[in-house]
Amino acid sequence: MGTSLGGQASFHLLIRHTDIFGKAACMSPAFQPSILSAVATLPSSTLKDKTIYIDNGGDVDDVKVPLLDPFDHFSMNHWWNPGYWWLDSQLQPGIDAMRLALDLKGIKYDYQRFAGGRHNERAWSWRIDKPLFSLYGVKN
């Protein structure tokens, strides 16, 4: 499980070490061209029995990530955490390209989009249950 570039790392470990890893959760992943081309050239059978979860926040239709969120910016522990209001929206093309590559290969995955979600630990903590349930079982 990884967030941002760690999301790409999680996926990379899954495709490079299929004998060790069977699942990957990629929260707001920063998929780069190298990982996209690796998936595009991968035999479909490589990920056939793997569990893949991908999610992200960002702008969705009329729901936009707010420029400022006081709870993200000021707290007792951290005086400044910008929450990168623009980043999940900017990462969307890479996520869309990964989803297309997986779809073309017939590889199953779980994808969720969180409208208005920021690119930071606070936003990921609000939805941490989603990848865990996707990877390890359904919520009752």
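Here the residue numbering is sequential within each chain, running from 1 through the sequence in written order. Local features in a predicted model are, by the rule used here, given only for residues with pLDDT of at least 70; side-chain atom pairs are given and counted only at 80 or more, and totals for whole chains, interfaces and linings are based on all residues. As a rule here, side-chain values come from all non-hydrogen atoms in the structure, and water together with hydrogens is ignored.

Draft legend 1. Fine view of the overall build of the protein chain. Here a helix means four or more residues in a row that DSSP labels H or I, a strand means two or more in a row labelled E, and each is numbered from the N terminus. For the protein chain, the helix and strand inventory stands at six helices and four strands. Going from N to C terminus, the protein chain has its helices and strands arranged as β-α-β-α-β-α-α-β-α-α. Only protein chains enter the accessibility calculation, which uses a 1.4 Å probe; a residue is then buried when its area is under 20% of its type maximum, exposed when over 50%, and partly exposed in between. Relative to its full complement of 140 residues, the protein chain shows a buried share of 42%.

Draft legend 2. Just unusual backbone geometry, in detail. Positive phi is not limited to glycine here, since Ser4 has a value of about 60°. Looking at the secondary structure, you find Ser4 in the loop between β1 (2-3) and α1 (5-16).

Draft legend 3. Molecular detail of the sheet that holds strand β2 (residues 23-27). We call two strands paired when DSSP finds no fewer than two bridges between them. One open sheet holds the four strands; their spatial order is β1-β2-β3-β4, and the pairing between them is parallel. Strands with a single pairing partner mark the edges of an open sheet, and in this sheet they are β1 and β4 (110-113). Bridging between strand β3 (residues 51-56) and β4 involves four bridges; their strand directions are parallel. In the strand pairing of β4, Ile54 is matched with Tyr111. For this analysis, residues touch if any pair of their heavy atoms sits within 4.5 Å. Axis lines are fitted through C-alpha atoms, for helices just across the contact stretch, and the angle between N-to-C directions can take any value from 0 to 180 degrees. Packing against the sheet, helix α4 (residues 87-105) makes contact with β3 and β4, and its axis sits at approximately 155° to β3.

Draft legend 4. Spatial organisation of the pairing of β3. The element β3 is extensively covered by neighbouring structure, given that five of its six residues are classed as buried. Relative to β3, β2 runs parallel, the two being bridged by five bridges. By the bridge assignment, Ala25 is partnered in β3 with Tyr53. By convention a crossover is right-handed if, when the strands point away from the viewer, the path from the first strand over the helix to the second runs clockwise. Once you follow β2 into helix α2 (residues 33-41) and on to β3, the crossover reads as right-handed.

Draft legend 5. A look at the packing of α2 against α4. Following both chains from N to C, one finds α2 and α4 inclined at 10°, their axes separated by 9 Å at the closest point. It follows that α2 is roughly parallel to α4 by the angle criterion. Facing α2, whose interface residues are Ile35, Leu36, Val39, Ala40 and Thr41, α4 presents Gly94, Ala97, Met98, Ala101, Leu102 and Lys105. Counted by class, the contact of α2 with α4 contains eight nonpolar, two polar and one charged residues. Comment on the angle field: the value is read as roughly parallel under 35 degrees, roughly antiparallel over 145, roughly perpendicular from 65 to 115, and oblique elsewhere. Gly counts as polar in this scheme, as do all residues outside two lists: the nonpolar Ala, Val, Leu, Ile, Met, Phe, Trp, Tyr, Cys and Pro, and the charged Asp, Glu, Lys and Arg.

Draft legend 6. Structural context of α2. Along α2, the positions that sit buried rather than exposed are Ile35, Leu36, Ala38 and Val39. Along the axis of α2, the buried residues cluster in a sector spanning 160°; they form a single face. Of the exposed residues in α2, the ones pointing more than 90 degrees away from its buried face are Pro33, Ser34 and Thr41. Buried-residue contacts for α2 involve α1 and α4. Our arc is simply the arc of the directions from the helix axis toward the C-beta atoms.

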